[in-house]
Amino acid sequence: MRFLIDSHTHTVASGHAYHTLGEMAAAARDRGIQVLGITEHGPQIPGSCNPIYFANYHALDRDLYAGLLLVMGAELDILDYDGRVDLTERQMKWTDLGIASIHPNVSSGEAYPPYVPGSVKENTGAYLNAMENPAVEIIGHPDDARVPVDYEELARHARDARVLLELNAASLHPSNVRGRGGSAENMKKMLHFCEKWGAPVIVNSDAHSAGRIGRFERVEEILAETGFPEELVVNGDVEKYMRYLHGSAQRAG
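Keep in mind it's a predicted model, so treat the numbers as computed, not measured.

**Q** Residues and numbers for the overall build of the protein, please.
**A** Regarding its fold elements, the protein presents 10 helices and seven strands. Rg of the C-alpha trace for the protein: 17 Å, near the compact-globule value of 18 Å for 253 residues, within the 12% margin. Principal-axis analysis of the C-alpha atoms gives the protein an extent of 45 × 40 × 35 Å. Across the 253 residues that make up the protein, the buried fraction comes to 55%. Put simply, of all contacts in the protein between residues at least 6 apart along the chain, 77% involve residues at least 24 apart. With an accessible surface of roughly 10800 Å², the protein has 49% of that area assigned to carbon and sulfur atoms.

This is how it looks when you write it as structure tokens:
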């Protein structure tokens, strides 16, 4: 299939990524991407954006780069088992897209990240509660083996809540093996239940540098191995993807 969308990327504004918005946009166009999601980390991440950064998204034309639509969003930190995130619902009205992710604290005594992995029931509940936030359209990297979850419950609830589950290409990169070990097998489990319950997914790069935008090869291998239905992968249908978004979907009519 054609991958027209990369909805999860970071620029230098996130504090630990390495290219500007313009550089990311140019790389996306070169790879045939038609819709690029810029989803800076929320304020919980050290060195990332103050809420005023998201409030000023209105100053940026979404079609600033010819041939490419920008979707300006936030990657929200899930803070606890109640699914609270680090921007308020009101603040998220400034954005087009919300990705809710868990960045687990696996080293006791550190102030960040705040989320301490719990039981399967507690971790699954954190994701399900985050899905109830109307500003959340995507659950980011739910493949992390450090945060065990019930993938059947995740898929069923995502379908009902109209939230996309992410296949995160960065999770499969060799540099992340020690961080999110077990991601490939967890993706396969999740895809099994997504197919069972008819839950759509989205493939994202989670690129923190321009060279990784649209690099989905490792995810494509898993999609081929599992025989996952192409119609449940939204990356090939821009109109379908836009209907999921709380901001840009409205502007697109």
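**Q** Go over the pattern of salt bridges with me, naming the residues and quoting the values.
**A** Throughout the structure, instances matching the rule amount to 11 salt bridges. Across the pair Arg-156 and Glu-153 runs a salt bridge, and its minimum N-O distance is 2.6 Å. Residue Arg-156 and its partner Glu-153 are both found in helix α5 (residues 151-161); the two are separated by three residues, about one turn of the helix. With its nearest N and O atoms 3.2 Å apart, the salt bridge here joins Glu-185 to Lys-188. Remark: Lys-188 and Glu-185 occur in helix α7 (residues 183-197); sequence separation between them is three residues, near one turn of the helix. For Glu-185, a relative accessible area of 46% corresponds to the partly exposed category. A single network of salt bridges, built from pairs that share partners, joins Glu-153, Arg-156, Arg-159 and Asp-160.

**Q** Please provide a residue-by-residue account of the side chain of Arg-62, values included.
**A** Topologically, Arg-62 is positioned in the loop between α2 (51-55) and β3 (69-77). What makes Arg-62 buried here is its relative accessible area of 13%.

**Q** So, the nonpolar core: which residues are in play, and what are the values?
**A** One recurring pattern in soluble globular proteins: nonpolar side chains tend to sit buried together. Within the largest apolar cluster, 61 residues are counted, with the highest numbers of intra-cluster contacts made by Ile-78, Leu-154, Leu-165, Leu-167 and Leu-223. Contacts of Leu-167, omitting those with residues within four sequence positions, involve Met-187, Met-190, Leu-191, Val-201, Ile-202, Val-203, Asn-204, Val-219 and Leu-223. Listed in part, the 14 residues of the second largest apolar core include Leu-97, Ile-99, Leu-164 and Tyr-241.

**Q** Report on the packing of α7 against helix α8 (residues 217-226), specifying residues and quantitative values.
**A** Contact pair α7 / α8: the axes reach a minimum separation of 10 Å and the direction vectors enclose 45 degrees. Looking at the two axes, α7 sits oblique to α8. For the crossing formed where α7 meets α8, the hand is right-handed. Between α7, through Ala-184, Met-187, Lys-188 and Leu-191, and α8, the contact on the second element is made entirely by Ile-222, Leu-223, Glu-225 and Thr-226.

**Q** Before we move on, could you go through unusual backbone geometry and cite the residues and values that matter?
**A** For His-141, which is not glycine, the phi dihedral falls at a positive 25 degrees. Here His-141 shows up in the loop between β5 (138-140) and α5. The class of His-141 is buried, set by a relative accessible area of 1%.

**Q** Before we move on, can you summarise the side chain of His-246 with the specific residues and values?
**A** Here His-246 shows up in the loop between α9 (238-242) and α10 (248-252). In this structure the side chain of His-246 is engaged in a polar contact, spanning 3.2 Å, whose partner is the backbone oxygen of Met-92. Sequence-distant contacts of His-246, that is, excluding residues within four places in its chain, are made with Met-92, Thr-95, Asp-96, Leu-97, Gly-98, Pro-134, Ala-135 and Glu-137.

**Q** Describe the sheet that holds strand β2 (residues 35-41), and please don't skip the residues or the numbers.
**A** The seven strands lie next to each other as β1-β2-β3-β4-β5-β6-β7, forming an open sheet whose pairing is parallel. Only two strands of the sheet have a single neighbouring strand rather than two, namely β1 (5-9) and β7 (201-204). Going from strand to strand, the sheet's axes swing by 30 degrees on average, the running direction of each strand aside. Bridging between β5 and strand β6 (residues 164-168) involves two bridges; their strand directions are parallel. Bridge pairing in β6 places Ile-139 opposite Leu-165.

Rules and cut-offs
Residues numbered from 1 in each chain as written. Predicted model: local features only at pLDDT ≥ 70, side-chain atom pairs only at ≥ 80, totals over all residues. Heavy atoms only, no water. Helix = DSSP H or I, 4+ residues; strand = E, 2+ residues; numbered from the N terminus. Rg over C-alpha atoms; globule rule 2.2 N^0.38 Å. Buried < 20%, exposed > 50% of the residue type's maximum accessible area, 1.4 Å probe, protein only. Contact = heavy atoms within 4.5 Å. Areas by Shrake-Rupley, 256 points an atom, 1.4 Å probe, with all protein chains shown as cover. Salt bridge = Lys/Arg side-chain N within 4 Å of Asp/Glu carboxyl O. Core = buried A, V, L, I, M, F, W, Y, C linked by side-chain atoms within 4.5 Å. Axes fitted to C-alpha atoms, helices over the stretch in contact; angles between N-to-C directions. Parallel < 35°, antiparallel > 145°, perpendicular 65-115°, else oblique. Left-handed = near helix turned anticlockwise from the far one by under 90°. Polar contact = N/O pair within 3.5 Å; in protein donor to acceptor, adjacent residues only side chain to side chain. Pairing = 2+ DSSP bridges.

Functional significance is not addressed by these values, which are geometric in nature.
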